[in-house]
Protein chains: 2
Amino acid sequence: MRIVEISRDECSEFLARVSVGRLACALDNQPYIIPISFAFELDRLYLFSTLGKKVEWMRQNPKVCLQADEIVDRSTWVSVVVDGTYIELREPDHIAEKEHARKLLAHSEQWWLAPMVGRREQAGDLAVEPVLFRLNIDSISGLRATPES
Amino acid sequence: MRIVEISRDECSEFLARVSVGRLACALDNQPYIIPISFAFELDRLYLFSTLGKKVEWMRQNPKVCLQADEIVDRSTWVSVVVDGTYIELREPDHIAEKEHARKLLAHSEQWWLAPMVGRREQAGDLAVEPVLFRLNIDSISGLRATPES
């Protein structure tokens, strides 16, 4: 296996193709990771989440990191890492962008709507609304592994 | 799909079974994620890495988070999150434990030894030695999703 860095363009193509990654946020220098769906657009990612630890943390510290990978086998994979800034899409400031994000993320709805209802029931909270947010991309880097020829 | 929390024992069984996850560290509240192999033992994980950004960061801030998941399909998955503390296995203090960790992680060697050599060549550095470290587990939590019956 040989590991090489890939270009910004290749990272962008990769992020446009995949739709699930892991998001890390941090509070008081304690990091926290969760798997998450995202939609990529040029210099930003759109994501959504139910209210909870990660949204509370990102509201306090907007510095985040998103990592996505595609592993064919142990010697054939791509991994891309994005450093970014959390921007919550709130009304009335972000009505149009929120609608745009919701459309981009529509393919994930089926996956998340039912469990959201389930979690809501567990929490006894009927008012849980998904939080939509934008991740402004500050930097991207990526590695590709290929079998040694 | 229904999402439920799983017990500490179920999390442990899961971590004993899988061997690849994502590790997040943080510096100045900026998180950073990388995919990584690990070996689980009761109250700790063993991992290794080449020298670089993540080891430099963890030496400065030992608070880390490891997440591992197993996704069968969109409504059938397990995700476990560990908050932990980085302890580097250095000689002469950790000779026996370092050897123990090396044995536990031997299955990952084939995957990593060749690319380590490649990266070493790229960096023009012939002295790169893998850094072995223990992650003391401070807390574990896990979620399991199952299709709605």
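The structure presented is a predicted model; accordingly, all values stated were derived computationally and were not measured. (Residues numbered from 1 in each chain as written. Chains lettered and ligands numbered in written order. Predicted model: local features only at pLDDT ≥ 70, side-chain atom pairs only at ≥ 80, totals over all residues. Heavy atoms only, no water.)

Asker: I'd like a description of the interface of chain A and chain B, backed by residues and values.
Answerer: As a measure of interface size, the accessible area lost when the parts come together is often cited. Taken together, the contact between chain A and chain B spans 43 residues of the former and 42 residues of the latter. Taken together, both faces of the contact between chain A and chain B bury some 3600 Å²; the carbon and sulfur share is 55%. Run the count over chain A and chain B and you get two salt bridges. The shortest N-O distance in the salt bridge between A:Arg22 and B:Asp69 comes to 2.7 Å. Our enumeration of links across chain A and chain B arrives at 13 residue pairs in polar contact (both at pLDDT 80 or more). The set of elements that each furnish at least two residues to the side of chain A that touches chain B consists of strand E1 (2–6), strand E2 (20–27), strand E3 (30–37), strand E6 (63–73), strand E7 (76–88) and helix H4 (106–123) of chain A. Here the side of chain A that touches chain B takes eight residues from H4(A), the largest share from any one element. (Contact = heavy atoms within 4.5 Å. Buried area = accessible area lost by both parts, 1.4 Å probe. Salt bridge = Lys/Arg side-chain N within 4 Å of Asp/Glu carboxyl O. Polar contact = N/O pair within 3.5 Å; in protein donor to acceptor, adjacent residues only side chain to side chain. Helix = DSSP H or I, 4+ residues; strand = E, 2+ residues; numbered from the N terminus.)

Asker: If you had to explain the relation of the copies chain A and chain B to someone new, which residues and values would you point to?
Answerer: Overlay of chain A on chain B (RMSD 0.0 Å): rotation 180°, translation along the axis 0.0 Å. Taken together, these values place the two copies in the relation of a two-fold axis. Measuring from the rotation axis to each C-alpha of chain A, the shortest distance belongs to A:Asn29, at 2.4 Å. By residue overlap, the copies meet face to face through one surface: 98% of the interface positions of chain A are interface positions in chain B. (Least-squares fit on C-alpha atoms with pLDDT ≥ 70 in both.)

Asker: Can you tell me about the environment of A:Ile3, naming the residues and giving the values?
Answerer: Residue and element names in this part refer to chain A. Relative to the assigned elements, Ile-3 resides in strand E1. Given the relative accessible area of 5%, Ile-3 is considered buried. Sequence separation between Ile-3 and Arg-59 is 56 residues, and the spatial gap between their C-alpha atoms is 36 Å. (Buried < 20%, exposed > 50% of the residue type's maximum accessible area, 1.4 Å probe, protein only.)

Asker: Account for helix H2 (residues 53–60) of chain A, naming residues and giving values.
Answerer: Residues of H2(A) that are buried: A:Lys54, A:Val55, A:Trp57 and A:Met58. Along the axis of H2(A), the buried residues cluster in a sector spanning 160°; they form a single face. (Arc of directions from axis to C-beta.)

Asker: Go over the pattern of salt bridges, please, and point to the residues and values.
Answerer: Residues and elements named next belong to chain A. Under the definition given, this model contains 18 salt bridges over all chains. The residue Asp-43 makes a salt bridge to Arg-44 at a minimum N-O spacing of 3.3 Å. Owing to a relative accessible area of 37%, Asp-43 belongs among the partly exposed residues under this scheme. Judged by relative accessible area, which is 23%, Arg-44 ranks as partly exposed.

Asker: Outline helix H1 (residues 8–17) of chain A, listing residues and values.
Answerer: Residues and elements named next belong to chain A. Along H1, the positions that sit buried rather than exposed are Cys-11, Ser-12, Phe-14 and Leu-15. For H1, the arc enclosing every buried residue in end-on projection is 160°, short of the 170-degree limit, so these residues lie on one face. Those residues of H1 that are exposed and angled more than 90 degrees off the buried face are Asp-9, Glu-13, Ala-16 and Arg-17. At its buried positions, H1 is contacted by E1, strand E4 (39–41), E6, E7 and strand E8 (131–146).

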